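# Architecture at a glance
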Amino acid sequence: MVATDKIFAGSIPEFYDRLMVPLIFEPFAADLSRRVAASNPRDVLETAAGTGVLTRALASRLAADARITATDLNQPMLNYAMTRQPGDKRIDWKQADALALPFEDQSFDAVACEFGVMFFPDKVKGYKEARRVLKPGGRLLFNVWDKISENDFAHTIAQALAETFPDDPPRFMQRTPHGYHDGEQIRAELAEAGFSDVTIDAVDARSKATSPRDPAVAYCQGTPWRNEIEARDASRLEEVTDYATEAMAKKYGRGAVDGRIRAFVISAAR
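Each chain has its residues counted from 1, following the order in which its sequence is written. Given that this is a predicted model, residues contribute local features only at a pLDDT of at least 70 and side-chain atom pairs are listed and counted only at 80 or more, while totals for whole chains, interfaces and linings are drawn from all residues. Hydrogens and water molecules were not included; the side-chain quantities draw on all heavy atoms of the structure.

### What to know about the overall build of the protein chain
When its secondary structure is counted, the protein chain shows 10 helices and seven strands. Atoms considered for the radius of gyration are the C-alpha atoms alone. The globule rule reads 2.2 Å times the number of residues to the power 0.38. Compactness check: the protein chain gives a C-alpha radius of gyration of 18 Å against a globular reference of 18 Å for 270 residues, within 12% of the reference. Its C-alpha atoms put the protein chain at 50 × 40 × 30 Å along the principal axes. A sequence separation of at least 24 residues applies to 81% of the contacts in the protein chain between residues at least 6 apart. Taken as a whole, the protein chain presents about 11100 Å² of accessible surface, with 47% of it coming from carbon and sulfur. Secondary structure is summarised from DSSP: a helix means a run of H or I of at least four residues, a strand means a run of E of at least two, and numbering begins at the N terminus for each. Residues count as neighbours in contact if any of their non-hydrogen atoms are within 4.5 Å of one another. Only the protein chains shown count as cover for residues, and all accessible areas are computed by the Shrake-Rupley method using a 1.4 Å probe.

### Focus: the packing of aromatic side chains
Two descriptors summarise a pair of aromatic rings, namely the distance from one centre to the other and the angle between the planes of the rings. A pair of aromatic rings is counted whenever rings of Phe, Tyr or Trp (Trp by its six-membered ring) have centres within 6.5 Å, and the orientation is called stacked for planes under 30 degrees apart, edge-to-face for over 60 and tilted otherwise. As enumerated under the stated definition, the model contains 10 aromatic pairs in all. When the centroid spacing of 5.6 Å and the interplanar angle of 85 degrees are considered together, the rings of phenylalanine 28 and phenylalanine 115 count as edge-to-face. Of this pair, phenylalanine 28 sits in helix α1 (residues 12–37) while phenylalanine 115 sits in the loop between β4 (108–114) and α4 (123–133), and the two are 87 residues apart along the sequence. Relative accessibility thresholds used throughout: buried, under 20% of the residue-type maximum; exposed, over 50%; partly exposed, between the two (1.4 Å probe, protein chains only). A relative accessible area of 0% means that phenylalanine 28 is categorised as buried. Overall, the relative accessible area of 6% leaves phenylalanine 115 in the buried class. Put simply, the rings of Phe25, Phe28, Phe115 and Trp145 touch in pairs and so form one group of aromatic residues. Whether a charge sits over a ring comes down to the Lys NZ or Arg CZ being within 6 Å of the ring centre and within 35 degrees of the ring normal. In this arrangement the basic side chain of lysine 123 is found over the ring face of tyrosine 180, its NZ or CZ atom lying 4.9 Å from the centre. Stacked on the ring of phenylalanine 165, the Lys or Arg arginine 236 has its end atom at 4.8 Å from the ring centre.

### Re the pairing of strand β7 (residues 257–269)
β7 sits mainly inside the fold: 10 of its 13 residues count as buried. Bridge analysis of strand β5 (residues 134–145) against β7 gives seven bridges, and the strand direction is antiparallel. Among the inter-strand pairings, leucine 140 is bridged to a residue of β7, identified as alanine 268. In terms of strand pairing, strand β6 (residues 196–209) meets β7 through 12 bridges, oriented antiparallel. Strands are treated as partners if at least two bridges between them are detected by DSSP.

### Regarding the side chain of threonine 69
Relative to the assigned elements, threonine 69 resides in strand β2 (residues 67–72). For threonine 69, a relative accessible area of 10% corresponds to the buried category. For threonine 69, the residues in contact, after removing those within four places along its chain, are Val44, Leu45, Glu46, Asp92, Phe103 and Phe108.

Laid out in structure tokens, this is it:
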């Protein structure tokens, strides 16, 4: 992972929430929130909350007296998340590093993270922090993307970016979001952090949009891929987005588009 992989600032939060969330994140937020709610937890910590898609899903499923502490390293993402979930007194928003959580030992019944652990520079340290703040018997639940070739739109746009920058392709998606999917590695790192009873489930869903343009804008302008494109040539952002749109249209059609998305859901006991 490089430094720009963690920068979700400027207009990225808005594009991310408006386009990326319905495109790929909502079905997995529904799945993960259901798994968290199954144990009827009263105190839930969410790490890497982003613009709050899982936070909103958790709020809709958890008991009226449950508490959600939603954290993220990026304050701009939290700022945007708060505008999407105003007035819910069950939610405490807090900027926090998942590798150095500012909470006391054994404070939470569950820790949840939607597509965030891939951004942890030290996975074992992040898992150890999650275990530290969990109460005995509590669980860590998180998800990670499968390899990029199993996620249609991301794969198509990655190929388009490689064609527009053949000498130095932007590889944010391959490197970070889709770069941590080896089940044996995940099990080993959770065990090193002290977790047990680890389960890993594959979850398949569909990514849908009204046109090929929406995924192109979402990926090229609503993720840190944008940082990589602008670092190479900021003047080409719209051109590159247009090229990605055309690549999507050639493969999936010029009307509504539909592609596969695949992730793994991991649950581990303290």
